[in-house]
Amino acid sequence: MSTSVDRLRQLLAGPDLLLMPCCFDALSARLIEQAGFPLTFMSGFAVAAARLALPDTGLISYAEMLDQGRGILDAVSFPVIGDGDTGYGNPANVRRTVQGYAGAGFAAIMIEDQLAPKRCGHTRGKEIVQRPEALSRIKAAVDAREQGADILIMARTDARATDGLAEALWRMQAFADLGADILFLEAPQDEAEMIDFCTQTPGPKMANMLAGGVTPVLSPQRLREIGYRIAAYPLALLNSTVYAMQETLRGLATGDLPQRSVDFATIRQIVGFDQYDRILQQYTSLEPES
């Protein structure tokens, strides 16, 4: 029986660009899967916002992220990539983080080279750790995988914003040499830099398509031509959810019910009432032995 890791490897080996809306809870992940997308990413930004109403500045903990991930993974059957931030400490912490995410059932985990506490990659004030510490994080993550954690490693660098493109590309190559499965150069500033990343480093690469961010938002066709394998849309669902809730609340303040929403039958179906009732029906006809 194939695992989520096996399915993610198969997706990465295929010819298509993988469009990946990012989730923040079990319901958003289920909707992504039901819409036919092949995978999702549990966004640290989105989880911090949805679970704590706090910014993505390292305030959410490993335990909270893992707990959120377990709920997401219980709700879906397709591969989920988890945001592991900086690994939550030194190399020993990184190993434990990778092992924990693997045990929960994530198909991959992202580990980055920001100085803790990290912050959203498209905001100001980021700092990165020196090369030895950055390399030790990815080495620890790869070691955890090699020693039994069934999970892929996505290595991320934020060096473009702090030290320039050359340093970012050096780190991407170094992370690949250590055994990272997927590379993610955060916040390239134009299409030329995106091309340099894809042509100068090996293996599958992810693009982060954040409306209003530093990186230009390109079409899926263009991303595929450049050489990306995954196109992540980190806040599309969260932004739309906030907009819809604000619009609904404005209406309710004047006594108006929302005009654009799913009906009660649809929400019952999405959360599984019909399946729940079918399970109960299996037991209603049982009679006690005389």
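Structural notes, computed from the coordinates.

## Topic: the overall build of the protein chain
- For the protein chain, the count of helices and strands is 13 helices and eight strands.
- For a compact globule of 290 residues, the expected C-alpha radius of gyration is about 19 Å, and the protein chain comes in at 21 Å, within 12% of that figure.
- Projected onto its principal axes, the C-alpha coordinates of the protein chain cover approximately 70 × 55 × 35 Å.
- Burial analysis of the protein chain (290 residues in total) assigns 46% to the buried set.

## A word on the side chain of Glu-186
- By the element assignment, Glu-186 lies in the loop between β6 (182-185) and α9 (191-200).
- On the basis of relative accessible area, Glu-186 is assigned to the buried category, the value being 3%.
- At 3.3 Å, the side chain of Glu-186 and the side chain of Asn-208 are in polar contact.
- Not counting residues within four places of it along the chain, the set of residues in contact with Glu-186 comprises Gly-121, His-122, Lys-126, Arg-156, Thr-157, Asp-158, Arg-160 and Asn-208.

## Some details on a nonpolar patch on the surface
- Together, Leu-27, Leu-31, Val-262, Phe-264, Ile-267, Val-271 and Phe-273 make up an exposed nonpolar region whose accessible area comes to about 640 Å².
- Those elements giving two or more residues to the nonpolar patch turn out to be α2 (26-34) and α12 (264-271).
- Considering each element in turn, the nonpolar patch owes the most residues, three residues, to α12.
- Relative to the assigned elements, Val-271 resides in helix α12.
- Of the residues examined, Val-271 reaches a relative accessible area of 44% and is grouped as partly exposed.

## Things to note about the nonpolar core
- Formed by 62 residues in total, the largest nonpolar core has its most connected members in Val-98, Tyr-101, Ile-151, Leu-223 and Tyr-228.
- Leaving out residues up to four positions away in the same chain, Val-98 has contacts with Ile-109, Ala-141, Ala-144, Ala-149, Ile-151 and Ile-153.
- By size, the runner-up hydrophobic cluster in this structure holds 19 residues, among which are Val-5, Met-20, Phe-41 and Ala-108.

## Digging into the environment of Asp-163
- Mapped onto the fold, Asp-163 is located in helix α7 (residues 159-163).
- By relative accessible area, which is 49% here, Asp-163 ends up partly exposed.
- Separated by eleven residues in the primary sequence, Asp-163 and Leu-152 have C-alpha atoms spaced 27 Å apart.
- Within the structure, Asp-163 has its side chain in polar contact with the side chain of Thr-162 (distance 2.6 Å).

## Focus on helix α5 (residues 91-104)
- With 14 residues, α5 extends 20 Å between its outermost C-alpha atoms, agreeing within 8% with the 20 Å of an ideal straight helix rising 1.5 Å per residue.
- Every buried residue belonging to α5 is among Val-94, Thr-97, Val-98, Gly-100, Tyr-101, Ala-102 and Ala-104, and all of these are buried.
- Regarding α5, its N-cap is Asn-90, as a side-chain oxygen of that residue lies 3.0 Å from the backbone nitrogen of Ala-92 further along.
- Positive phi shows up at Gly-105, right after α5, with a value of about 115°.

## Some points on the packing of aromatic side chains
- All chains considered together, the criterion is met by four aromatic pairs.
- With centroids separated by 6.3 Å and ring planes inclined at 20°, the aromatic side chains of Tyr-62 and Tyr-101 adopt a geometry described as stacked. On the criterion of sequence distance, the pair formed by Tyr-62 in helix α4 (residues 62-75) and Tyr-101 in helix α5 is long-range, its members being 39 residues apart.
- On the basis of relative accessibility, which here comes to 13%, the residue Tyr-62 falls in the buried class.
- Three or more aromatic residues joined by ring pairs make a cluster, and in this case those are Tyr-62, Tyr-88, Tyr-101 and Phe-106.
- Geometry around Trp-170 places Arg-131 over its ring, the cationic atom sitting 3.6 Å from the centre.
- One Lys or Arg, Arg-268, reaches over the ring of Phe-264 and ends 4.8 Å from the middle of that ring.

## Here we look at the environment of Asp-150
- Locating Asp-150 in the fold gives a position in the loop between α6 (131-146) and β5 (152-157).
- Here the alpha-carbon distance between Asp-150 and Thr-3, two residues 147 residues apart in the chain, equals 8.8 Å.

## Here we look at empty space enclosed by the protein
- Inspection of every chain in the model, using the stated rule, returns two cavities of 30 Å³ or more.
- A volume near 210 Å³ is recorded for the largest cavity.
- Elements supplying a minimum of two residues to the lining of the largest cavity: α3 (44-52) and β7 (206-208).
- Tallied by class, the residues present in the lining of the largest cavity amount to eleven nonpolar, five polar and five charged.
- For the second largest cavity, the calculated volume is near 40 Å³.
- Around the second largest cavity, the lining residues are Phe-184, Leu-185, Glu-186, Ala-187, Pro-188, Met-194, Met-206, Ala-207, Asn-208, Met-209, Thr-215 and Tyr-228.
- Secondary-structure elements contributing two or more residues to the lining of the second largest cavity are β6 and β7.
- Considering each element in turn, the lining of the second largest cavity owes the most residues, three residues, to β7.
- Among the residues making up the lining of the second largest cavity, the classes are represented as nine nonpolar, two polar and one charged.

What counts as what
Residues numbered from 1 in each chain as written. Predicted model: local features only at pLDDT ≥ 70, side-chain atom pairs only at ≥ 80, totals over all residues. Heavy atoms only, no water. Helix = DSSP H or I, 4+ residues; strand = E, 2+ residues; numbered from the N terminus. Rg over C-alpha atoms; globule rule 2.2 N^0.38 Å. Buried < 20%, exposed > 50% of the residue type's maximum accessible area, 1.4 Å probe, protein only. Polar contact = N/O pair within 3.5 Å; in protein donor to acceptor, adjacent residues only side chain to side chain. Contact = heavy atoms within 4.5 Å. Patch = residues over 30% accessible without salt bridge, like charges linked within 9 Å, V, L, I, M, F, W, Y side chains within 5 Å. Areas by Shrake-Rupley, 256 points an atom, 1.4 Å probe, with all protein chains shown as cover. Salt bridge = Lys/Arg side-chain N within 4 Å of Asp/Glu carboxyl O. Core = buried A, V, L, I, M, F, W, Y, C linked by side-chain atoms within 4.5 Å. Expected span 1.5 Å × (residues − 1). Phe/Tyr/Trp six-rings, centres within 6.5 Å; stacked < 30°, edge-to-face > 60°. Lys NZ or Arg CZ within 6 Å of the ring centre and 35° of its normal. 1 Å grid on protein atoms, 1.4 Å probe; cavity = no way out; pocket = protein on both sides within 12 Å on 5 of 7 lines; lining within 4 Å. Points joined across faces, edges and corners; volume = space filled by probe spheres on them. Nonpolar A, V, L, I, M, F, W, Y, C, P; charged D, E, K, R; others polar.

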